[in-house]
Amino acid sequence: MMNASKSKYALLLVAGALSMALSGCGGSDGADGASGSDGAAGGSPAMTINNLNFTFYDTTVQDGVASLRFQVTNQDDKAVVGLQKMRFYALQLLPQGATGVGNASQWQYIVDETCDLSSSCPGTLVDKKNGVYTYSFATNFLDSAGTRTTFNPELAQRFMIRAYNTPLPDGTAVPNSNAFVDYTIAGNEPGYSRKIVATASCNKCHGDVSTAHHSGSYNDVNMCASCHTPNRLSNSDDQFSMLIHAKHFTLGDDGVPAPVYETDALKTCSTCHSDQGELTPDWGNWSKVPTAQACGSCHSNIDFAKGQGHSQQSDNSNCVACHNSEWTEQVHSTDYQNRKAVIAKVGMSATLVANTDDSATLSVTLLDSEGKPLDASTELSKIKRLEAVTNVDPEFPVMGYIASPGSGKAHDSKDLIADNALQSDVSIVDGKLVYTTQVLPFGSGAADTAFSFIGLEMCTSGANLVNCTADSETTSMKAQLAFGTKSGSAPTHRHTDSVSFAGCQNCHGETFQLHKGHHAGFVLSEQLGREINGKMTVGLDGCVACHTPDGTYTGGAMRGAFEMKVHLLHNEVGVITQCTQCHNDLNLDAFKNKGALATAAGQYTTPITAVCTSCHALGSDGLHSQATLESYGAVVNGDYTAANQAAQSETCFFCHKPTAADHTVVNM
């Protein structure tokens, strides 16, 4: 539950009669007044607290004695009374160049004090019982023995608050929350700042950045940047600008920095460093203020001081002379922009028509950037690979990656073009690529629908498509899906009310080339979309063409079924900590259409148990033991027939009612 930190002063007007001015050194906060004045939310106090909202009113430092006054409300703007534990921080900001020519601005940590009303509070915390609190620091900022740095009243200042998740005296739960305010001793808005990345940018991938570290304590990236500062750390590599890059990037085999996990989003600096108005007034620092510390955190094979991998630089004074902002931005974004440009140049449309002998004919039309048909014959020289994977039943595919014990068939995987050449059984008719699949195991219900997932890989140079050579670079293009039914009725599609590609795109980016190398690569885009409830939605039907209930190329040995594989892979990376990062909902009814999933070589498990065990280990705190699950109708690592016969016998949902927001919900 995120809090809305407000890093600016608030001015409250009540019925047009009361005005309150900010006070600087020695200013007075005035009388508290009745409920509804003095910044109070008024009315009855909050009874439920999903998030805390902070508004700062007065910040004063007089003769080294610092105090602040602030208001706390809940999500309904109700006063939050009785907060039990908070940590208060004080910092000051050295402006750019203050520590040396070319050096970036830098936070200096002054002091922090933790006030816990159940044990000890070094300063003075006053709860005015109307949502307004005041805190006076015990440490005198002029006392160099008690602070981490020499207090300078001429610098921009920052107060920060961490509100702990300690329940109120009546037991009301409180979420961990952060807030900060930037100010000057003179009472003016600071003339400079260091707000480079917005928390929302982190949350696109992390969901809630507080889950990244420190046990959920800090949900505002400004808190991270303020604490990870030189005079507070024993390891200089833990300075925020260095730490955060090192955590997200590693050196590739070619010595070029690359994301630590598969994503295109981090291949452009603008994913994190973007203009978000007053939240990131300094977003452009990444290109405007190059330093050896920041650059070296990604380009870790360079030692600037020793002159290894770069001309020797003893400090940052000369960096911008060569690496001006325009050049820096271009170098760090050209590859990404080129890929976007290339991907936009060619698209596809496709049809899949069932034949009387239960095969299906796939027709693929290449399209230019305006959606006009291209003749495949004229494009062959630029195509490295065009492949199509066909299966039956997008809800629960009946063809395995290798032959399924159920249908006896493996999915139809075919390169229509490989290395610029048309493959066997493929023809070009009226400019379209045409291929007829093997006989497909059509059936009733969703098995009346066959679907083909189509990937296209083209040869490129920069932002241009080129004729392929032996050493050509290649780019995966926008993938396509085609659906066809044996009956001629409207096709079935895989449900999107549990997860859609929008959730994937937050982390992986819009140009992510899924499975490039082993396949032609698939860029999931609006080309795959269909309108659902008035909104264009990109489903994940294509993934299950290969990630079948019977697993992938190792059968069930790697638990390759889509329902499990996505959990296993993302748990390994460790970025996903909340279901809502991927799931817009949990469609429990989808299990009614599922059979058993391959969970080991030649072994199958009933579907609910199989999915749950892809995140939770059997017998762990988050899951029952195998014996208990089997007593509730599950089959764990049994044979294909037994597990499928029991697939609809699991009684898990008699008690468990998981949601994306809370998958631990139990209704007894």
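Throughout, residues of each chain are indexed from 1 in the direction in which the sequence is written. Where local features are concerned, this predicted model is filtered to residues with pLDDT of at least 70; where side-chain atom pairs are given and counted, the filter is 80 or more; whole-chain, interface and lining totals use all residues. Water and hydrogen atoms were dropped before computing side-chain values, which therefore reflect all heavy atoms in the structure.

## A word on the overall build of the chain
Then, in step 1: Comment: elements are numbered from the N terminus, with helices defined as DSSP H or I runs of at least four residues and strands as E runs of at least two. A tally of helices and strands in the chain yields 14 helices and 26 strands.
Then, in step 2: Projected onto the principal axes, the alpha-carbon positions of the chain cover approximately 90 × 65 × 50 Å.
Then, in step 3: For each residue, the accessible area found with a 1.4 Å probe, counting protein chains only, is set against the maximum for its type, and the residue is called buried under 20%, exposed over 50%, and partly exposed in between. Evaluated residue by residue, the chain yields a buried proportion of 49% over its 668 residues.
Then, in step 4: In what follows, residue pairs with any heavy atoms lying within 4.5 Å of each other are defined as contacts. For the chain, the proportion of contacts with a sequence separation of at least 24, taken over those separated by at least 6, is 67%.
Then, in step 5: For the area figures, the Shrake-Rupley method with a 1.4 Å probe applies, and any residue is considered shielded solely by the protein chains shown. For the chain, the accessible area works out to roughly 30000 Å², and carbon and sulfur atoms hold 51% of it.

## Some remarks on helix 3 (residues 240-248)
Since one α-helical turn is 3.6 residues long, residues separated by three or four positions face the same way.
Then, in step 1: Along helix 3, the residues that are buried comprise Phe240, Met242, Leu243, His245 and His248.
Then, in step 2: Contacts from the buried residues of helix 3 go to helix 1 (199-206), helix 2 (221-227), strand 9 (249-251), strand 10 (257-259) and helix 5 (292-298).

## Structural notes on the confidence of the model for the chain
Then, in step 1: Note: pLDDT gives the predictor's confidence per residue, expressed from 0 to 100. Mean pLDDT over the chain works out to 90, with 93% of the residues at or above the 70 mark.
Then, in step 2: Within the model, the stretch residues 1-37 combines pLDDT values under 50 with 92 contacts to residues more than four positions away or in other chains.

## Quick notes on the packing of aromatic side chains
Then, in step 1: Here a Phe, Tyr or Trp ring, Trp counted by its six-membered ring, pairs with any other such ring whose centre lies within 6.5 Å, and the pair is stacked when the planes are under 30 degrees apart, edge-to-face when over 60, and tilted otherwise. Tallying each qualifying case throughout the model produces 16 aromatic pairs.
Then, in step 2: With a centroid separation of 5.5 Å and 65 degrees between ring planes, the pair formed by phenylalanine 137 and phenylalanine 141 is classed as edge-to-face. In terms of burial, phenylalanine 137 and phenylalanine 141 fall into one category: buried.
Then, in step 3: Using a relative accessible area of 5% as the deciding quantity, one classes phenylalanine 137 as buried.
Then, in step 4: Members of the aromatic cluster, connected to one another through ring pairs, are Phe54, Phe56, Phe70, Phe88, Tyr133, Tyr135, Phe137, Phe141, Phe151, Phe159 and Tyr183.
Then, in step 5: Note that arginine 158 overlies the ring of phenylalanine 180, its terminal NZ or CZ placed 4.3 Å from the centroid. Only lysine NZ and arginine CZ atoms are considered, and such an atom sits over a ring when it is within 6 Å of the ring centre and within 35 degrees of the ring normal.

## Digging into the sheet that holds strand 1 (residues 53-62)
Then, in step 1: At least two bridges found by DSSP between two strands is the condition for calling them paired. Spatially, 1-2-6-5 is the arrangement adopted by the four strands of the open sheet, whose pairing is antiparallel. For this open sheet the edge positions go to strand 1 and strand 5 (124-127), each flanked by a neighbour on one side alone. Put simply, the sheet's adjacent strands are angled 15 degrees from each other on average, direction ignored.
Then, in step 2: As judged from the nine bridges shared by strand 1 and strand 2 (residues 65-73), these two strands associate in the antiparallel manner. Residue pairing in the sheet places aspartate 58 in a bridge with arginine 69 of strand 2. Here, axes are lines fitted to C-alpha atoms. For helices the fit covers the stretch in contact, and angles between N-to-C directions go from 0 to 180 degrees.

## Re the pairing of strand 7 (residues 156-163)
Then, in step 1: Judged by how many residues are buried, strand 7 sits mostly within the fold: eight of eight residues are covered.
Then, in step 2: Side-chain alternation along strand 7 places Ala156, Arg158, Met160 and Arg162 on one buried face and Gln157, Phe159, Ile161 and Ala163 on a second face that is also buried.
Then, in step 3: Inspection of the sheet shows strand 3 (residues 85-94) paired to strand 7 by eight bridges, in the antiparallel sense. Paired with alanine 90 across the strands is phenylalanine 159, a residue of strand 7.
Then, in step 4: Judged from the seven bridges that link them, strand 7 and strand 8 (residues 177-183) form a sheet pairing that is antiparallel.

## Describing the side chain of threonine 280
Then, in step 1: With respect to the element layout, threonine 280 can be found in the loop between strand 10 and helix 4 (285-288).
Then, in step 2: Those residues within four positions of threonine 280 in sequence are excluded, and the remaining contacts are Lys195, Ile196, Val197, Ala198, Ser274 and Asp275.

## Observations concerning the nonpolar core
Then, in step 1: With 33 residues, the main nonpolar core has Phe70, Phe88, Phe137, Phe141 and Phe159 as its most contacted residues.
Then, in step 2: Broken down by element, this core gets its largest block of residues, four residues, from strand 2. In these notes, a set of buried Ala, Val, Leu, Ile, Met, Phe, Trp, Tyr and Cys residues joined through side-chain atoms within 4.5 Å is what counts as a nonpolar core.

## Concerning unusual backbone geometry
Then, in step 1: For serine 215, which is not glycine, the phi dihedral falls at a positive 55 degrees.
Then, in step 2: Looking at the secondary structure, you find serine 215 in the loop between helix 1 and helix 2.
Then, in step 3: A positive phi angle, close to 50 degrees, is found at aspartate 419, a residue other than glycine.
Then, in step 4: If you trace the backbone, aspartate 419 turns up in the loop between strand 15 (412-418) and strand 16 (421-422).
Then, in step 5: By relative accessible area, aspartate 419 is classed as partly exposed at 48%.

## Some points on the pattern of salt bridges
Then, in step 1: Note on definitions: salt bridges are taken to be side-chain nitrogens of Lys or Arg within 4 Å of carboxyl oxygens of Asp or Glu. Tallied over the full model, the rule gives 17 salt bridges.
Then, in step 2: Across the salt bridge formed by lysine 486 and aspartate 358, the nearest N and O atoms sit 2.9 Å from each other. Taken together, the positions of lysine 486 in the loop between strand 22 (480-485) and helix 9 (501-508) and aspartate 358 in the loop between strand 11 (347-354) and strand 12 (360-367) put the pair 128 residues apart, joining distant regions of the chain.
Then, in step 3: Judged by relative accessible area, lysine 486 falls into the partly exposed class, the value being 31%.
Then, in step 4: The exposure class assigned to aspartate 358 is partly exposed, which follows from its relative accessible area of 24%.
Then, in step 5: Here the salt bridges do not stand alone but share partners, grouping Asp264, Lys267 and Arg339 into one network.

## Quick look at the sheet that holds strand 3
What holds strands together in a sheet is hydrogen bonding between their backbones, with the strands either parallel or antiparallel.
Then, in step 1: Strand order in the open sheet made by the four strands is 4-3-7-8, with antiparallel pairing throughout. Here the strands that pair on one side only, and so sit at the sheet edges, are strand 4 (106-116) and strand 8. On average, adjacent strands in this sheet sit at an angle of 15 degrees to one another, irrespective of strand direction.

## Quick look at the domain arrangement of the chain
Then, in step 1: The assigned domain composition of the chain is domain 1 (55-194), domain 2 (246-337), domain 3 (338-548) and domain 4 (554-667).
Then, in step 2: By convention here, the domain bounds are inherited from an automatic or database domain assignment. One C-alpha centre belongs to domain 1, the other to domain 3, and the line joining them spans 55 Å.

## Points about the state of the cysteines
Then, in step 1: Sulfur atoms of two cysteines make up a disulfide when they are within 2.5 Å. The full count for this structure, using the stated rule, is three disulfides.
Then, in step 2: Across the disulfide, cysteine 205 is cross-linked to cysteine 507 (sulfur-sulfur distance 2.0 Å). Looking along the S-S bond of the cysteine 205-cysteine 507 disulfide, the torsion reads about 105 degrees, which is the right-handed sense. Placement of the pair is cysteine 205 in helix 1 and cysteine 507 in helix 9, with a sequence separation of 302 residues. Cysteine 507 shares its class with cysteine 205; the two are buried.

## Things to note about the UniProt feature "domain: Outer membrane cytochrome MtrC/MtrF-like" (unreviewed entry) in the chain
Then, in step 1: UniProt positions are given in the numbering used here, feature names are shortened, and annotations may be inferred rather than shown by experiment. Mapped onto this structure's residue numbering, the UniProt feature "domain: Outer membrane cytochrome MtrC/MtrF-like" (unreviewed entry) falls at residues 194-333 and 499-661.
Then, in step 2: Span residues 194-333 is 34% helix and 4% strand, its end C-alpha atoms 23 Å apart.
Then, in step 3: Annotated as residues 499-661, this span is 26% helix and 8% strand, and its ends, taken at the C-alpha atoms, are 13 Å apart.

## Notes on the environment of methionine 564
Then, in step 1: Within the secondary structure layout, methionine 564 lies in helix 10 (residues 562-573).
Then, in step 2: Along the chain, methionine 564 and threonine 378 lie 186 residues apart, while their C-alpha atoms are 42 Å from each other.

## Digging into the side chain of serine 498
Then, in step 1: Topologically, serine 498 is positioned in the loop between strand 22 and helix 9.
Then, in step 2: Among residues more than four places away in sequence, those in contact with serine 498 are Cys582, His583, Asn584, Asp585, Leu586 and Asn587.

## Side note on helix 10
Then, in step 1: In this scheme, a helix's expected span is set at 1.5 Å multiplied by one less than its residue total. Taking 1.5 Å as the rise per residue, helix 10 with twelve residues should run 16 Å; its terminal C-alpha atoms sit 17 Å apart, in good agreement.
Then, in step 2: Listed as buried for helix 10 are Phe562, Glu563, Met564, Lys565 and Leu568.
Then, in step 3: Looking at the packing, one finds that the buried side of helix 10 touches strand 25 (597-600) and helix 11 (607-612).
Then, in step 4: Where helix 10 terminates, the next one or two residues include glycine 574, which has phi positive at roughly 85 degrees.

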